[in-house]
Amino acid sequence: MELKYEPVVTQSVANQIAEQIRRAITDGTLKADDKLPTEAELARQFDVSRPTIREALKRLAAKSLIRSRRGPAGGTFVQAPSAEDMSQDLMSSVALMVSLGVFDLTEIAEARHELELVCVRLAVKRRGGDELDRMAAEIELQKDKAQSDEEFCASDVRFHRALVDATHNPVMQFQMFTVIEALQPVENMVIFRFREREKIIEQHEKIWRALRDQDLPEAEDAIDEQMVYLRESFAQAQEWRRNRDSVKGPG
């Protein structure tokens, strides 16, 4: 199949300007809420046209590094990107790496297992009523047999997101965003034919009870149990794929 490409436009000057401003932000020269010079002033400083400056600013805005405000006190201001914005960018990169085969299911499962053990150790000590309520609500949703596979998988993601939030550690929440929001859906998409919903619900209930009771050994055991079960489901899925491909044959 012949691919159709858009015309190539060289924008290296705008890239260079955007990168210089980005570095000034990341090294602290420019701080959150600092006002940038006007387009005309920047054009004079960089000795380029205003459209080139405009393109550079668009690139920075796309990365949530600057924001514009209208009115007498308006202008272009430095904006500290939120953890959610940064996580979304990271999630897109991770999803691409999975689709290109850079990460395989075994590596994903191993990493998730170890990271969730760290999360549960913090969550046992720090969980609040809100996280427990969210987890319990998802368990009730999962018990509804009318839920589609897609709905069940989405609830599964939300359950584990609540577990991560129960750590009350922003760094851990940031790191786990890609695992829960990007990698877990990939896992679910592969293994939904081979896992039993009742088994997942039972494991979720065990995790919830352990957090409620602040029982660390039980919580660790519950995570171990679920992650081992998921690995076994991956193995079944991979075996099914190999058998399917061997039946199809080459080509």
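Residues numbered from 1 in each chain as written. Predicted model: local features only at pLDDT ≥ 70, side-chain atom pairs only at ≥ 80, totals over all residues. Heavy atoms only, no water.

Undergrad: Which parts of the structure should I look at to understand the overall build of the protein chain?
TA: For the protein chain, the count of helices and strands is 10 helices and two strands. Taken from N to C terminus, the helices and strands of the protein chain fall in the order α-α-α-β-β-α-α-α-α-α-α-α. Put simply, the protein chain has 251 residues, and 37% of those count as buried. For the protein chain, the proportion of contacts with a sequence separation of at least 24, taken over those separated by at least 6, is 72%. Surface summary for the protein chain: the accessible area is close to 14800 Å², and the carbon and sulfur share equals 53%. (Helix = DSSP H or I, 4+ residues; strand = E, 2+ residues; numbered from the N terminus. Buried < 20%, exposed > 50% of the residue type's maximum accessible area, 1.4 Å probe, protein only. Contact = heavy atoms within 4.5 Å. Areas by Shrake-Rupley, 256 points an atom, 1.4 Å probe, with all protein chains shown as cover.)

Undergrad: Explain the nonpolar core here, please?
TA: Inside soluble globular proteins, nonpolar side chains tend to come together where they are buried. The biggest cluster of nonpolar side chains holds 28 residues, and the ones touching the most others in it are Val120, Met135, Leu163, Ile207, Leu211 and Ile223. Among the elements of the structure, helix H5 (105-126), helix H6 (129-142), helix H7 (149-165), helix H9 (197-213) and helix H10 (216-248) are those that each provide at least two residues to this core. Per element, the largest residue contribution to this core is eight residues, and it comes from H10. Leucine 211 has contacts with Val120, Ala123, Val124, Arg127, Leu132, Met135 and Leu163, leaving out every residue within four places of it along the chain. (Core = buried A, V, L, I, M, F, W, Y, C linked by side-chain atoms within 4.5 Å.)

Undergrad: What's the story with the pairing of strand S1 (residues 66-69) in this structure? I'm lost.
TA: Here is the key point about a regular strand: its side chains alternate between the two faces of the sheet. As paired strands, S1 and strand S2 (residues 75-78) are joined by four bridges and run antiparallel to one another. The partner of isoleucine 66 across the bridge, within S2, is valine 78. Where S1 folds back onto S2 in an antiparallel hairpin, the turn is made up of five residues, including glycine 71, whose phi is positive at roughly 100 degrees. (Pairing = 2+ DSSP bridges.)

Undergrad: Mind showing me how you'd approach the packing of H5 against H7 here?
TA: Put simply, H5 and H7 touch, their axes get as near as 8 Å, and they point 55 degrees apart. It follows from the interaxial angle that H5 and H7 lie oblique. Here Arg112, Glu116, Cys119, Val120 and Ala123 of H5 come into contact with H7, specifically with His160, Leu163 and Val164. Looking at the contact of H5 with H7 residue by residue, the class counts come to five nonpolar, one polar and two charged. (Axes fitted to C-alpha atoms, helices over the stretch in contact; angles between N-to-C directions. Parallel < 35°, antiparallel > 145°, perpendicular 65-115°, else oblique. Nonpolar A, V, L, I, M, F, W, Y, C, P; charged D, E, K, R; others polar.)

Undergrad: What am I meant to see in the environment of arginine 69 here?
TA: As for its position among the elements, arginine 69 is in strand S1. Leave out the neighbours within four places in its chain, and arginine 69 touches Gly74, Gly75 and Phe77.

Undergrad: I'm lost on a negative patch on the surface in this one. Help?
TA: Where like charges cluster on the molecular surface, the negative patch consists of Asp104, Glu107, Glu110 and Glu114. Its relative accessible area of 37% is what places aspartate 104 among the partly exposed residues. (Patch = residues over 30% accessible without salt bridge, like charges linked within 9 Å, V, L, I, M, F, W, Y side chains within 5 Å. Salt bridge = Lys/Arg side-chain N within 4 Å of Asp/Glu carboxyl O. Lys, Arg positive; Asp, Glu negative; His and termini not counted. Charge placed at Lys NZ, Arg CZ, Asp CG, Glu CD.)

Undergrad: Could you clarify how one ought to interpret the pattern of salt bridges in this entry?
TA: Any two side chains of opposite charge can pair, given that their charged atoms come close. Per the stated rule, a full pass over the model turns up 19 salt bridges. Of the charged contacts in the structure, one is a salt bridge between arginine 23 and glutamate 19, with a shortest N-O distance of 3.6 Å. Here arginine 23 pairs with glutamate 19, and both are found in helix H1 (residues 12-26), just four residues apart, close to one helical turn. The residue glutamate 39 makes a salt bridge to arginine 50 at a minimum N-O spacing of 3.6 Å. Here glutamate 39, found in helix H2 (residues 39-46), pairs with arginine 50, found in helix H3 (residues 50-62); they are 11 residues apart in sequence, far enough to count as distant. Several salt bridges share partner residues, and in doing so they unite Asp130, Arg134, Arg161 and Asp165 into one network.

Undergrad: It is not clear to me how the side chain of arginine 127 should be interpreted in this structure. Could you clarify?
TA: Mapping arginine 127 onto the fold places it in the loop between H5 and H6. Of the side chains bearing the opposite charge, aspartate 213 lies closest to the buried arginine 127, which forms no salt bridge; the N-O distance is 6.8 Å. In this structure the side chain of arginine 127 is engaged in a polar contact, spanning 2.8 Å, whose partner is the backbone oxygen of arginine 212. Apart from residues no more than four positions distant in its own chain, arginine 127 is found in contact with Leu132, Ala166, Leu211, Arg212 and Gln214. (Polar contact = N/O pair within 3.5 Å; in protein donor to acceptor, adjacent residues only side chain to side chain.)

Undergrad: I'm lost on the side chain of aspartate 165 in this one. Help?
TA: Take aspartate 165: it is sitting in helix H7. A polar contact is formed between the side chain of aspartate 165 and the side chain of arginine 134, at a distance of 2.9 Å. Beyond its immediate chain neighbours, meaning those up to four positions away, aspartate 165 contacts Glu131, Arg134 and Gln173.

Undergrad: Hey, could you run me through the packing of H7 against H9 in this one?
TA: Packed helices, taken two at a time, are described by the angle their axes make and the gap between the axes. As a packed pair, H7 and H9 sit with axes 12 Å apart at the nearest point and diverge in direction by 20 degrees. As summarised for this structure, H7 and H9 are arranged roughly parallel, according to the angle between their axes. Judged by the sense of rotation from one axis to the other, the crossing of H7 with H9 is left-handed. Where H7 approaches H9, its residues Asp149, Phe152, Asp156, Phe159, His160 and Leu163 are matched on the opposing element by Arg197, Ile200, Ile201, His204, Ile207 and Leu211. Its residues assigned to classes, the contact of H7 with H9 comprises seven nonpolar, two polar and three charged. (Left-handed = near helix turned anticlockwise from the far one by under 90°.)

These figures come from the coordinates and say nothing about function on their own.
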